[in-house]
Amino acid sequence: MQGILDDSIVWHDDGHVVWLELNRSDLAVLGVQCPHKDNPDAPCRLARIECLVEYFVMRFGLECNVGVCEPTPELQIAWSVNGDPYDVDACQCWIIPVADDVFSLWANGQRGELIESGEEDAPMS
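Rules of the game
Residues numbered from 1 in each chain as written. Predicted model: local features only at pLDDT ≥ 70, side-chain atom pairs only at ≥ 80, totals over all residues. Heavy atoms only, no water. Helix = DSSP H or I, 4+ residues; strand = E, 2+ residues; numbered from the N terminus. Contact = heavy atoms within 4.5 Å. Areas by Shrake-Rupley, 256 points an atom, 1.4 Å probe, with all protein chains shown as cover. Pairing = 2+ DSSP bridges. Axes fitted to C-alpha atoms, helices over the stretch in contact; angles between N-to-C directions. Salt bridge = Lys/Arg side-chain N within 4 Å of Asp/Glu carboxyl O. Buried < 20%, exposed > 50% of the residue type's maximum accessible area, 1.4 Å probe, protein only.

**Student:** Help me out: how do you make sense of the overall build of the chain in this one?
**Tutor:** Assigned secondary structure in the chain consists of 2 helices and 4 strands. Shown N-terminal to C-terminal, the secondary structure of the chain runs as helices and strands in the order β-β-α-β-β-α. Of the contacts formed within the chain by residues at least 6 apart in sequence, a portion of 57% connects residues at least 24 apart. As presented, the chain carries roughly 7,400 Å² of accessible surface, and 47% of it is formed by carbon and sulfur atoms.

As structure tokens, then:
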């Protein structure tokens, strides 16, 4: 987890939700809710892809997940992209549940620093 939370990765905790079906010990991804569907300038939007997060999660499922938390049908996530975000074949999207204990502690510290600097809406890095 240390490498995932280093300063070179920018995390967006902007309201993306992964919908899961819980069936005993199996989890299935039902869909992704993007809060920016109507925003052409959203950080998750590419020229040919409406939502980078949805694109990766619907294709690769929970293989994109780097966190741990109790599974719930509605999982609020933060996301990050590594590589060239304008070339879907040259990047990787990672998700992490905002309820992940390590991420939550780290994110709260980052939010405090952003509030102090007057940049409350900036992505966390």
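Past the structure itself, the notes keep going.
**Student:** What should I look at first to understand the sheet that holds strand β2 (residues 26–33) in this one?
**Tutor:** Strand-to-strand pairing in sheets goes through backbone hydrogen bonds, with the strands running parallel or antiparallel. Overall, antiparallel pairing links the 4 strands, which are arranged β2-β1-β3-β4 in an open sheet. The strands lining the two open edges of the sheet, one partner per strand, are β2 and β4 (91–97). Averaged over all pairs of adjacent strands, the angle between their axes in this sheet comes to 40°, without regard to strand direction.

**Student:** How should I be thinking about the pattern of salt bridges in this particular structure?
**Tutor:** As a working rule, side chains carrying opposite charge can pair if their charged atoms are close by. Summed over the entire model, instances satisfying the criterion amount to 3 salt bridges. The salt bridge involving K37 is made with E50; its shortest N-O contact spans 3.3 Å. Here K37, found in the loop between β2 and α1 (52–60), pairs with E50, found in the loop between β2 and α1; they are 13 residues apart in sequence, far enough to count as distant. Judged by its relative accessible area of 29%, K37 is partly exposed. Take E50: its relative accessible area is 40%, and that puts it in the partly exposed class. Between R48 and D89 there is a salt bridge, and its shortest N-O distance comes to 3.9 Å. Remark: D89 occurs in the loop between β3 (74–83) and β4 and R48 occurs in the loop between β2 and α1; sequence separation between them is 41 residues. A relative accessible area of 63% places R48 in the exposed class.

**Student:** In this structure, what is going on with the environment of N65? I would like to understand it.
**Tutor:** Here N65 is to be found in the loop between α1 and β3. Residue classification places N65 among the partly exposed residues on the basis of a relative accessible area of 26%. A C-alpha to C-alpha distance of 9.1 Å links N65 and C93, two positions 28 residues apart in sequence. Beyond its immediate sequence surroundings of up to four residues, N65 is in contact with I95, I96 and P97.

**Student:** Which parts of the structure should I look at to understand unusual backbone geometry?
**Tutor:** Most peptide bonds take the trans configuration, and most residues that are not glycine carry a negative phi. For R24, which is not glycine, the phi torsion reads 55° and is therefore positive. Relative to the helices and strands, R24 resides in the loop between β1 (17–23) and β2. By relative accessible area, which is 86% here, R24 ends up exposed.

**Student:** Would you explain the pairing of β1 in this entry?
**Tutor:** The two faces of a sheet get side chains in turn, since along a regular strand they alternate between them. Looking at chain direction, β1 and β2 are connected through 7 bridges and run antiparallel. Considered in β2, the bridge of E21 is made with A28. Joining the antiparallel neighbours β1 and β2 is a turn of 2 residues, in which R24 adopts a positive phi near 55°.

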